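For reference, the chains in residue letters:
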Amino acid sequence: MPRLNVTGHFYRNQPVDLLTEYTICESLSSTNSPYMAALEHPRTYGALVGERLRACGLLHRGCRLCEIGGGRGSLMAGLLEEHGDLVDHVLMVDLSLSFLKTQRKRLESWKDRVSFLNADVSGFLPPLTDTYRVILNEVVGDLDTWVDIEKRELPFPVATLIERYRLDIPRTGAFHFNIGAILLVEELCRRNIPAFIAEHAGDCLIPAGMEYLSRGLQSDGYPREIRLKEHSEFTIRFDHLTAVARRWGRTVRTGPLIDLVGISRSPKMKFIFTAGACATDEQEHILELLDHIREYRWLIIS
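Note that the coordinates shown come from a computational prediction; the quantities given were computed from them, not determined experimentally.

What counts as what
- Residue positions are given per chain, counting from 1 as you read along its sequence in written order.
- Under the rules for a predicted model, residues below a pLDDT of 70 receive no local features and side-chain atom pairs below 80 are neither given nor counted, while totals for whole chains, interfaces and linings still include all residues.
- Processing note: side-chain calculations cover all non-hydrogen atoms of the structure and skip hydrogens and water entirely.
- For two strands to be treated as a pair, DSSP must find at least two bridges joining them.
- The helix and strand labels rest on DSSP assignments: H or I over at least four residues marks a helix, E over at least two residues marks a strand, and numbering proceeds from the N terminus.
- A clockwise path from the first strand over the helix to the second, with the strands pointing away from the viewer, defines a right-handed crossover.
- For salt bridges, the criterion is a side-chain nitrogen of Lys or Arg within 4 Å of an Asp or Glu carboxyl oxygen.
- Working rule for contacts: check all heavy atoms of both residues, and any pair within 4.5 Å makes them a contact.
- By the criterion applied in these results, polar contacts are pairs of N or O atoms within 3.5 Å in which, for protein atoms, one can donate a hydrogen and the other can accept it, and in which residues neighboring in sequence qualify only through two side-chain atoms.
- When accessible area is computed with a 1.4 Å probe and restricted to protein chains, residues below 20% of their type maximum are described as buried, those above 50% as exposed, and intermediate ones as partly exposed.
- Lines fitted to C-alpha atoms define the axes, with helix axes restricted to the stretch in contact, and inter-axis angles between N-to-C directions lie between 0 and 180 degrees.
- When describing relative orientation, an angle under 35 degrees is termed roughly parallel and one over 145 degrees roughly antiparallel, while 65 to 115 degrees is termed roughly perpendicular and anything else oblique.
- Each crossing is labelled by how the near helix is turned from the far one, with a counterclockwise turn of less than a right angle marking it left-handed and a clockwise turn marking it right-handed.
- Working definition: a ring pair exists when centres of Phe, Tyr or Trp rings (six-membered ring for Trp) sit within 6.5 Å. Plane angles under 30 degrees give stacked, over 60 give edge-to-face, the rest tilted.
- Think of it as the arc spanned by the lines of direction from the helix axis to the C-beta atoms.

Peer 1: Account for the pairing of strand S4 (residues 114–118), with residues named and values stated.
Peer 2: By the bridge criterion, 5 bridges tie strand S3 (residues 87–94) to S4 in an arrangement that is parallel. Residue valine 93 lies in a different strand from S4, and its bridge partner there is leucine 117. One crossover worth recording links S3 to the parallel S4 by way of helix H5 (residues 97–106), and it is right-handed.

Peer 1: Quick one: what's the story with the pattern of salt bridges, residue by residue and with numbers?
Peer 2: Oppositely charged side chains may form a pair once their charged atoms are brought near each other. Tallied over the entire structure, the rule returns 22 salt bridges. A salt bridge links arginine 72 to glutamate 26, with the nearest nitrogen and oxygen atoms 3.8 Å apart. With arginine 72 in the loop between strand S2 (63–68) and helix H4 (74–83) and glutamate 26 in helix H2 (residues 24–27), the pair connects residues that are 46 residues apart, well separated along the chain. Via salt bridges that share partners, Arg164, Glu186, Glu187, Arg190 and Arg191 belong to a single interconnected network.

Peer 1: Run through the environment of asparagine 5, naming residues and quoting values.
Peer 2: Tracing the backbone shows asparagine 5 in strand S1 (residues 3–5). Taking the C-alpha atoms as reference, asparagine 5 lies 6.2 Å from tryptophan 146; in sequence the two are 141 residues apart. Ignoring any residue separated from it by four or fewer positions in sequence, one finds asparagine 5 in contact with Leu143, Asp144, Thr145, Val147, Ser232 and Phe234. Of the polar contacts made by the side chain of asparagine 5, one reaches the backbone oxygen of serine 232; its length is 3.1 Å.

Peer 1: Got a sec to walk through unusual backbone geometry? Specific residues and values, please.
Peer 2: For glutamate 138, which is not a glycine, the phi torsion comes out positive at approximately 50°. Residue position: glutamate 138 is located in the loop between strand S5 (132–137) and strand S6 (145–149). With phi around 55°, aspartate 148 is a residue other than glycine that occupies positive phi space. Within the secondary structure, aspartate 148 sits in strand S6. By relative accessible area, aspartate 148 is classed as partly exposed at 33%.

Peer 1: Summarise the sheet that holds S1; cite the residues concerned and give the values.
Peer 2: Here we have 3 strands laid out as an open sheet, ordered S1-S6-S7, and antiparallel in their pairing. On the outer flanks of this sheet lie S1 and strand S7 (175–177), each paired with one strand and no other. Pairs of neighbouring strands in the sheet enclose a mean axial angle of 25°, with direction left out of account.

Peer 1: So what about the packing of helix H3 (residues 45–55) against H4? Which residues, and what values?
Peer 2: Packing of H3 against H4 brings their axes to within 6 Å, and their N-to-C directions diverge by 60°. Classified by the angle their axes make, H3 and H4 are oblique. In terms of crossing hand, the pair formed by H3 and H4 is right-handed. Where H3 abuts H4, its residues Tyr45, Gly46, Ala47, Val49, Gly50, Glu51, Leu53 and Arg54 lie against Leu75, Gly78, Leu79, Glu82 and His83.

Peer 1: Summarise the packing of aromatic side chains; cite the residues concerned and give the values.
Peer 2: According to the stated counting rule, one finds 2 aromatic pairs in the structure shown. Considering the side-chain rings of tyrosine 22 and tyrosine 35, the 5.7 Å spacing of their centres and the 80° angle between planes classify their relative orientation as edge-to-face. Of this pair, tyrosine 22 sits in the loop between helix H1 (8–13) and H2 while tyrosine 35 sits in the loop between H2 and H3, and the two are 13 residues apart along the sequence. Take tyrosine 22 and tyrosine 35: they sit in the same class, and that class is buried. Ring plane angle 50° and centroid distance 5.9 Å describe the contact between tyrosine 212 and phenylalanine 273, whose orientation is recorded as tilted. Residue tyrosine 212 is found in the loop between strand S8 (195–200) and strand S9 (225–228), and its partner phenylalanine 273 is found in helix H10 (residues 267–275); the two are separated by 61 residues along the sequence. Judged by relative accessible area, tyrosine 212 falls into the buried class, the value being 14%. In this structure phenylalanine 273 comes out as buried when scored by relative accessible area, which is 6%.

Peer 1: Break down helix H6 (residues 156–165) for me, citing the residues and quoting the values.
Peer 2: The complete set of buried residues in H6 reads Val158, Leu161, Ile162 and Tyr165. The arc enclosing the buried residues of H6, seen along the axis, measures out at 100°, which places them on a common side. Facing away from the buried side of H6 by more than 90 degrees, the exposed set consists of Phe156 and Glu163. For H6, the secondary structure elements touched by its buried residues are S6, S7, helix H7 (179–190) and helix H8 (238–247). The positive-phi residue at the C-terminal boundary of H6 is arginine 166, with phi of around 55°.

Peer 1: For the sheet that holds strand S11 (residues 252–256), give the residues involved together with the corresponding values.
Peer 2: Across the sheet, 7 strands lie side by side as S4-S3-S2-S5-S8-S12-S11; this open sheet has mixed pairing. In the strand order of this sheet, the two ends are held by S4 and S11, each with one partner. Across the sheet, the mean angle from the axis of one strand to that of its neighbour is 15°, orientation sign disregarded. Packing of H7 onto the sheet brings it into contact with S5, S8 and strand S12 (296–301), and relative to S5 it is tilted by some 170°.

Peer 1: Would you mind going over the side chain of histidine 200 in detail, with residue names and values included?
Peer 2: Tracing the sequence through the fold places histidine 200 in strand S8. Only 3.1 Å separates the side chain of histidine 200 from the side chain of glutamate 199, close enough to count as a polar contact. Each residue touching histidine 200, except ones within four places of it in the same chain, is listed here: Ile226, Thr235, Ile236, Phe238, Glu295 and Tyr296.

What follows is the structure, encoded as structure tokens:
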């Protein structure tokens, strides 16, 4: 039965704790993290995101950042620790008041340059100008998603977007559609605001030389449901987001998150993953990271 999956009530009303969910950002939030054993050159996730933005010409002296759904503030803290001299102002936007409180504490060292806004971007995008760069890390999977719809009977908003951007959908059978993520990308493009997006991908990319990571991967190119505590999230069809951005004339860069964070290509990684049996705590952490990050993609729209 078709339905619209909405998670706003969960983040607005529940005492959310990211420790009940595995996130790449928190796993790599400190160079002291045991998950750093998988990286060729250990650095925090925020520092690595900042480096990629810098390489794309989006992080430069005097720039402004807006992170939407910043969780515990770990990404922004890591970014500011290495690249803070370039950032003029940061706006943290979150639906969860408890997360905003945690972010305020985590970013205390930069309080003179950071402001906070409690808002739901599903219905309201702050009046940002094109001087801002928006960061959407592990959050667009939480946005509204149409569930179990079919080509023969599409909800009107979905049909409009599919036609407008010539989006690929299955010819037969039920599928899910990331309407919230697509509408947000559309609005960012309309305002000419660059963005960094990272999330579980329905159409994930496995790097060359690491084909072993595709074993047992649940990915058919389309969004799938991820059931979590008291709510569901969905993987993202990144090809849909890139199609929207390109129709607006934007430059698009994308790739596997494995490459962005610099997972080691050593035989050790392959052995740990293919063996699936861990003899040490380090091996267990590496296996857990590989099992999750293999499904993630990053996307920069400029």
